[in-house]
Amino acid sequence: SLFRQGGAAVERMEYILHQPDSLPDPETPKPLTAPQRSIRFENLSFAYDEESVLHDVNVEIPVGQVVALIGPSGAGKSTFASLIPRFYDPRGGRITIDGTDLREVTKKNLRSTIAVVPQMPSLFAGTIAENIRLGRLDATDEQVIDAARRAHADKFIREQPEGYQTQVGERGDQLSGGQRQRIAIARAFLRDAPILILDEATSALDPESEAMVQQALAELVKGRTTFIIAHRFSTITVADRILVFENGRISADGSHEQLRGNNAIYQSMLGGQVIG
């Protein structure tokens, strides 16, 4: 059906956005279920061609922890997050889930445990319901509506001319940035994956949308191992832990209280500036 093609197109988009997907699957893959203990980054380094982006990163994230990644643009936080769904492989070191190297499982299996909410969510020509259902193609209408409710999107969807059957137009240009963001969050609720990667939108949303998006995200992260590429201070407040990236290394790692007193990058975010 047209809609199944839409799902394939999204998967292709995800990969094309990052790179041609040339990473090999293992010949005898290990099965991967939802993480039980932790995700570990061990002596991790990465370079694009010759440009080194991450150096010797060592960090362990217990299951269920919500981690904000902050730091100036180019510090390595987006690359760090892109290694989790294996859009790239590390140059050195490894990432493990409960001790299993990501390269030992199939990409399909790995990515089935991950939901991504991108900074600029892609919407595709089709209805609002179809766009939400990309989170899980076999979802029922009730499940789609429940996900929209949880994403604080149900109200604005019902106000559209055809409700859930409203066509979003090419690239979703019928909808505001805050509405697109909430549709992407509804997709993630529907996907219900144990690992979540959020790239926070840098563009300023109107205050009402911003509040709705914040409430939806606070709900979405509960019980999931979450990595938030955070650009503004209001988002960091949902995090249990903050990793500060500088020049490809983690220069600070702690809670709000620990970083508030002595970390310049954290303090500049407190001052209301958009970082990176």
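Given the structure is predicted, the values throughout are model-derived calculations rather than measurements. (Residues numbered from 1 in each chain as written. Predicted model: local features only at pLDDT ≥ 70, side-chain atom pairs only at ≥ 80, totals over all residues. Heavy atoms only, no water.)

A.B. asks: Summarise the overall build of the protein; cite the residues concerned and give the values.
C.D. replies: What the protein contains, in helices and strands, is eleven helices and ten strands. The buried share of the protein, reckoned over its 276 residues, is 52%. Carbon and sulfur atoms make up 48% of the accessible area of the protein, which totals about 13000 Å². (Helix = DSSP H or I, 4+ residues; strand = E, 2+ residues; numbered from the N terminus. Buried < 20%, exposed > 50% of the residue type's maximum accessible area, 1.4 Å probe, protein only. Areas by Shrake-Rupley, 256 points an atom, 1.4 Å probe, with all protein chains shown as cover.)

A.B. asks: Residue-level account of the pattern of salt bridges, with values.
C.D. replies: By the definition in use, this model includes 14 salt bridges. For Lys 30, the salt bridge goes to Glu 104, with nearest N and O atoms at 3.5 Å. Taken together, the residues Lys 30 in the loop between helix H1 (2-18) and strand E1 (38-48) and Glu 104 in the loop between strand E5 (100-101) and helix H3 (107-112) connect sequence positions 74 residues apart. Residue classification places Lys 30 among the partly exposed positions, given a relative accessible area of 41%. Given the relative accessible area of 28%, Glu 104 is considered partly exposed. (Salt bridge = Lys/Arg side-chain N within 4 Å of Asp/Glu carboxyl O.)

A.B. asks: Break down the confidence of the model for the protein for me, with residues and values.
C.D. replies: With 89% of its residues at a pLDDT of 70 or more, the protein has an overall mean of 87. At the low end of the mean pLDDT range in the protein sits H1, at 45; at the high end sits helix H5 (residues 141-150), at 98. Long-range and interchain partners of residues 1-13, a stretch whose pLDDT sits below 50, account for twelve contacts in this model, where long-range means more than four residues apart. (pLDDT = per-residue confidence, 0-100. Contact = heavy atoms within 4.5 Å.)

A.B. asks: Tell me about the pairing of E1, residues and numbers included.
C.D. replies: Pairing of E1 with strand E2 (residues 51-62), which is carried by eight bridges, proceeds in the antiparallel orientation. Bridge pairing links Ile 39 to Ile 61 in E2. Between E1 and E2, which pair antiparallel in sequence order, lie two residues; one of them, Asp 49, sits at a positive phi of approximately 55°. Alignment of E1 against strand E4 (residues 92-97), held across five bridges, turns out to be antiparallel. Pairing of Arg 40 across the sheet is with Thr 96, part of E4. (Pairing = 2+ DSSP bridges.)

A.B. asks: Provide a residue-level description of the sheet that holds E2, including the pertinent values.
C.D. replies: Taken in spatial order, the four strands line up as E2-E1-E4-E5 in an open sheet, and their pairing is antiparallel. Where the open sheet ends on each side, the last strands, each with one partner, are E2 and E5. Here E4 runs beside E5; their pairing, made up of two bridges, is antiparallel. Looking across to E5, one finds that Thr 96 is bridged to Asp 101.

A.B. asks: Describe helix H8 (residues 207-220), with residues and values.
C.D. replies: When the terminal C-alpha atoms of H8 are compared, their 20 Å separation across 14 residues agrees well with the 20 Å that a helix rising 1.5 Å per residue should span. Here H8 has its buried residues at Ser 209, Glu 210, Val 213, Gln 214, Ala 216, Leu 217 and Leu 220. Tucked into the core, H8 has its buried residues touching strand E6 (114-117), H5, helix H7 (177-191), strand E7 (195-199) and helix H9 (233-236). (Expected span 1.5 Å × (residues − 1).)

A.B. asks: An account of empty space enclosed by the protein is needed here, citing residue identities and associated values.
C.D. replies: Under the criterion given, the structure shown has three cavities of 30 Å³ or more. Approximately 70 Å³ is the volume found for the largest cavity. Gln 181, Glu 200, Ala 201, Leu 205, Glu 210, Val 213, Gln 214, Leu 217, Arg 232 and Thr 235 together form the lining of the largest cavity. Looking at the lining of the largest cavity, the element that brings in the most residues is H8, giving four residues. Quantified by volume, the second largest cavity comes out at close to 50 Å³. Every residue along the wall of the second largest cavity is listed here: Leu 83, Arg 86, Tyr 88, Asp 89, Pro 90, Arg 94, Ile 95, Asp 101, Leu 102 and Arg 103. By residue class, the composition of the lining of the second largest cavity is five nonpolar, no polar and five charged. (1 Å grid on protein atoms, 1.4 Å probe; cavity = no way out; pocket = protein on both sides within 12 Å on 5 of 7 lines; lining within 4 Å. Points joined across faces, edges and corners; volume = space filled by probe spheres on them. Nonpolar A, V, L, I, M, F, W, Y, C, P; charged D, E, K, R; others polar.)

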